[in-house]
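Here's the letter readout for the chains.
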Amino acid sequence: MVKVVFVCLGNICRSPMAEGLFRKEVANAGLTDEIEIDSAATGTWNLGKPPHRGTREVLKKHGINYEAMRARKVTDADFEQADYIIGMDQNNIADLNALNKNKDVTLRSLMSFVSGKEEEEIPDPYYTGDFDETERMVTEGVKALLAFITKK
């Protein structure tokens, strides 16, 4: 079983969007029993909250159920149990590196899996308001991540 945890600042926009869209890609590939998926935050102010309305709209459009999704903070257990912890931008990566006590986990940004776009960051739609751009980038990233995982 491969475990993937997507992480952003508050776990209400980008990381639950990535969790949901990746779940759909994994299901479409018939790998639901082989890949475990979750999401978390580096911050604490949204704990227990559902995804942002904009993220819920994106997930609903794709037929993805978000009812059980609630914001939570990344934990030591995530670093110990996950094979991949995926941040949405370099601030997330810096925060995750500071928290990481398990050097064996693969800690990378989502766009680092997309050829030619490795340095791009997924903008936070909480601040930009552009959930369409975030959806486009997250979709591209999760497809590339799945291809990377299944290639190993």
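Residues numbered from 1 in each chain as written. Predicted model: local features only at pLDDT ≥ 70, side-chain atom pairs only at ≥ 80, totals over all residues. Heavy atoms only, no water.

> Hey, could you run me through the overall build of the protein chain in this one?
The helix and strand inventory of the protein chain stands at six helices and four strands. Along the chain direction, N to C, the helices and strands of the protein chain fall in the order β-α-β-α-α-β-α-β-α-α. For the protein chain, the C-alpha radius of gyration of 14 Å lies close to 15 Å, the compact-globule estimate for 152 residues. Its C-alpha atoms give the protein chain principal-axis dimensions of about 35 × 35 × 30 Å. Expressed as a percentage of its 152 residues, the buried residues of the protein chain come to 50%. Counting only contacts in the protein chain whose residues sit at least 6 apart along the sequence, the fraction spanning at least 24 positions is 69%. As displayed, the protein chain has an accessible area near 7500 Å², and 47% of this comes from carbon and sulfur atoms. In the protein chain, 20 side chains carry a positive charge and 25 a negative one; their mean positions are 3 Å apart. (Helix = DSSP H or I, 4+ residues; strand = E, 2+ residues; numbered from the N terminus. Rg over C-alpha atoms; globule rule 2.2 N^0.38 Å. Buried < 20%, exposed > 50% of the residue type's maximum accessible area, 1.4 Å probe, protein only. Contact = heavy atoms within 4.5 Å. Areas by Shrake-Rupley, 256 points an atom, 1.4 Å probe, with all protein chains shown as cover. Lys, Arg positive; Asp, Glu negative; His and termini not counted. Charge placed at Lys NZ, Arg CZ, Asp CG, Glu CD.)

> Mind showing me how you'd approach helix α1 (residues 14-28) here?
For an α-helix, 3.6 residues make a turn, and residues three or four places apart therefore share a direction. Its 15 residues give α1 an end-to-end C-alpha distance of 21 Å, which sits within 8% of 21 Å, the value for a rise of 1.5 Å per residue. All buried positions along α1 are accounted for by Arg14, Ser15, Pro16, Met17, Ala18, Glu19, Gly20, Leu21, Phe22, Glu25 and Val26. Those residues of α1 that are buried lie in contact with β1 (2-8), β2 (35-41), α2 (53-61), α4 (90-99), α5 (125-128) and α6 (131-151). Positive backbone phi, approximately 70°, marks glycine 30, located one or two places after α1. (Expected span 1.5 Å × (residues − 1).)

> Please clarify how the nonpolar core should be interpreted in this entry.
The nonpolar side chains of a soluble globular protein tend to be buried with one another. Counting 35 residues, the largest nonpolar core has Val4, Phe6, Phe22, Ile35, Ile86, Leu110 and Leu145 as its most contacted members. The set of elements that each furnish at least two residues to this core consists of β1, α1, β2, α2, β3 (84-87) and α6. Per-element accounting of this core gives the leading share, eight residues, to α6. Contacts of isoleucine 35, omitting those with residues within four sequence positions, involve Met1, Val2, Val4, Phe22, Val26, Leu146 and Ile149. Ala40, Ala82, Ile85 and Ile93 belong to the second largest nonpolar core, which has eleven residues in total. (Core = buried A, V, L, I, M, F, W, Y, C linked by side-chain atoms within 4.5 Å.)

> It is not clear to me how the side chain of aspartate 124 should be interpreted in this structure. Could you clarify?
Along the chain, the position of aspartate 124 falls in the loop between β4 (106-109) and α5. For aspartate 124, a relative accessible area of 14% translates into the label buried. Contacts of aspartate 124, omitting those with residues within four sequence positions, involve Cys13 and Arg14.

> Any chance you could explain the UniProt feature "active site" (unreviewed entry) in the protein chain here in plain terms?
Here, UniProt's "active site" (unreviewed entry) annotation points to Cys8, Arg14 and Asp124. A stretch of 117 residues holds the annotated residues, and the largest C-alpha distance among them is 8.6 Å, short enough that they meet in one place. You can see arginine 14 is positioned in helix α1. Of the residues examined, arginine 14 reaches a relative accessible area of 1% and is grouped as buried. (UniProt positions renumbered as here; feature names shortened; annotations may be inferred.)

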